[in-house]
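An overview of the molecular structure
Here is what each chain is made of, one letter per residue.
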Number of protein chains: 2
Amino acid sequence: MQPLRENTVFVGNKPVMNYVLAVVTQFNNGAEEVAIKARGKAISRAVDTAEISLNRFLVGVTKKDIVISTEIIDTDSGKTNVSSIEIILIHNK
Amino acid sequence: MQPLRENTVFVGNKPVMNYVLAVVTQFNNGAEEVAIKARGKAISRAVDTAEISLNRFLVGVTKKDIVISTEIIDTDSGKTNVSSIEIILIHNK
């Protein structure tokens, strides 16, 4: 796992509400932006995290940017490509 | 399944290369834009489709826009929410 910048929620295989709670908590603690990141099959859950956070819990927060890219990962059987997504939410003052 | 607009590839549960081939074929047939759409767990495969098409097969094509949203689906057990993604690729003249 690479170092994460502040206010990043990295979405993996846990239940989606764990990540929703992490996002909402960061905004409640005063964050202006929160980045939701995921790779591979967790990408769907990252989109769920953003949508549930925005539709059910956050007021005055919108999507700022969505970026998809390909990352090269080292595995036991060599390098492999994996898709990734970064969804950036921003609090509108 | 709702009617799809022209030049839309709807990504489901088939192998990703099926959808990559559909995208590449549409551009080869002269499409200026192709929209890649998916819902739920297929969202990850839609991102893979876009990344593989752009990195390995398409020249002069870039991402124009990425939109995520929540759709309400009727099921046997009532209405349920599902996340969706639309990735729009554009051919730069």
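Residues numbered from 1 in each chain as written. Chains lettered and ligands numbered in written order. Predicted model: local features only at pLDDT ≥ 70, side-chain atom pairs only at ≥ 80, totals over all residues. Heavy atoms only, no water.

Remarks on the overall build of chain A
Basically, it comes down to this: In DSSP terms, a helix is any run of H or I states spanning at least four residues, a strand is any run of E spanning at least two, and both are numbered starting from the N terminus. Throughout, radius of gyration means the C-alpha value; the globule benchmark is 2.2 Å times the number of residues raised to the power 0.38. The buried label applies to any residue whose accessible area, calculated with a 1.4 Å probe on protein chains only, is under 20% of its type's maximum; exposed applies above 50%, and partly exposed to all values in between. Any pair of residues with heavy atoms lying within 4.5 Å of one another is described as a contacting pair. Accessible areas in this description were obtained via Shrake-Rupley with a 1.4 Å probe; residue shielding takes into account the shown protein chains only. Residues scored as positive are Lys and Arg, those scored as negative are Asp and Glu, and His as well as the terminal groups of each chain are ignored. For the purpose of locating charges, the reference atoms are NZ of Lys, CZ of Arg, CG of Asp and CD of Glu.
What chain A contains, in helices and strands, is two helices and four strands. In sequence order, chain A lays out its α and β elements as β-α-β-α-β-β. Relative to the 2.2 N^0.38 estimate, which gives 12 Å for 93 residues, the radius of gyration of chain A is 14 Å and therefore close to what a compact globule would have. Over its C-alpha atoms, taken along the principal directions, chain A stretches across nearly 45 × 25 × 20 Å. Across the 93 residues in chain A, those meeting the buried criterion constitute 42%. Restricting to contacts in chain A with at least 6 residues of sequence separation, those with at least 24 account for 68%. Of the roughly 5,300 Å² of accessible surface on chain A, a fraction of 50% belongs to carbon and sulfur atoms. The averaged location of the 10 negative side-chain charges in chain A is 4 Å from the averaged location of its 11 positive side-chain charges.

Quick look at the relation of the copies chain A and chain B
The following threshold applies: Least-squares fitting of one copy onto the other uses the C-alpha atoms of those residues that reach a pLDDT of at least 70 in both copies.
Overlay of chain A on chain B (RMSD 0.0 Å): rotation 180 degrees, translation along the axis 0.0 Å. Interpreted geometrically, this transformation is the action of a two-fold axis. In terms of C-alpha distance to the rotation axis, chain A has A:Ser44 as its closest residue, with the C-alpha 2.7 Å off the axis. Mapped onto chain B, 100% of the interface residues of chain A are again interface residues, and the two copies thus contact each other with one and the same surface.

A word on the pairing of strand β3 (residues 61-75) of chain A
Residue and element names in this part refer to chain A. For clarity, the threshold we go by: At least two bridges found by DSSP between two strands is the condition for calling them paired.
Pairing of β3 with strand β4 (residues 78-91), which is carried by 14 bridges, proceeds in the antiparallel orientation. Paired with Ile66 across the bridge in β4 is Ile87. The turn joining β3 and β4, which pair antiparallel and follow one another in sequence, is formed by two residues.

Comments concerning the sheet that holds strand β4 (residues 78-91) of chain B
All names here are of chain B. Keep this limit in mind: Lines are fitted to the C-alpha atoms to define the axes, a helix being fitted only along its stretch in contact, and any angle between axes, read from their N-to-C directions, falls within 0 to 180 degrees.
A sheet is described by the order of its strands in space; here four strands give the open sequence β1-β2-β4-β3, paired in mixed fashion. Either end of the sheet is taken by a strand with one partner, and the two such strands are β1 (8-10) and β3 (61-75). Strand-to-strand twist across the sheet, computed as the mean angle between neighbouring axes with direction ignored, equals 20 degrees. Pairing of strand β2 (residues 33-39) with β4, which is carried by seven bridges, proceeds in the antiparallel orientation. Paired with Arg39 across the strands is Ser84, a residue of β4.

Re the interface of chain A and chain B
Inclusion rule: When two parts are put together, the accessible area they lose, computed with a 1.4 Å probe and summed over both, is reported as buried area. Each salt bridge in this description consists of a side-chain nitrogen of Lys or Arg and a carboxyl oxygen of Asp or Glu lying within 4 Å of one another. The definition of a polar contact used here is a pair of N or O atoms within 3.5 Å, where within protein one atom must be able to donate a hydrogen and the other to accept one, and adjacent residues in sequence count solely through side-chain atom pairs.
On the chain B side, the residues contacting the 19 residues of chain A number 19 residues. A buried area of about 1,400 Å², summed over both sides, lies between chain A and chain B, and 58% of it is on carbon and sulfur atoms. Taken as a group, A:Ser44, A:Ile66 and A:Ile68 account for 39% of the area that chain A buries against chain B, more than any other trio of residues on that side. On inspection of chain A and its partner chain B, the count reaches zero salt bridges. The interface formed by chain A and chain B holds 13 residue pairs in polar contact (both at pLDDT 80 or more) in total. Those elements giving two or more residues to the side of chain A that touches chain B turn out to be α2 (43-57), β3 and β4 of chain A. Here the element with the most residues in the side of chain A that touches chain B is α2(A); it accounts for seven residues.

Geometry only, nothing functional implied.
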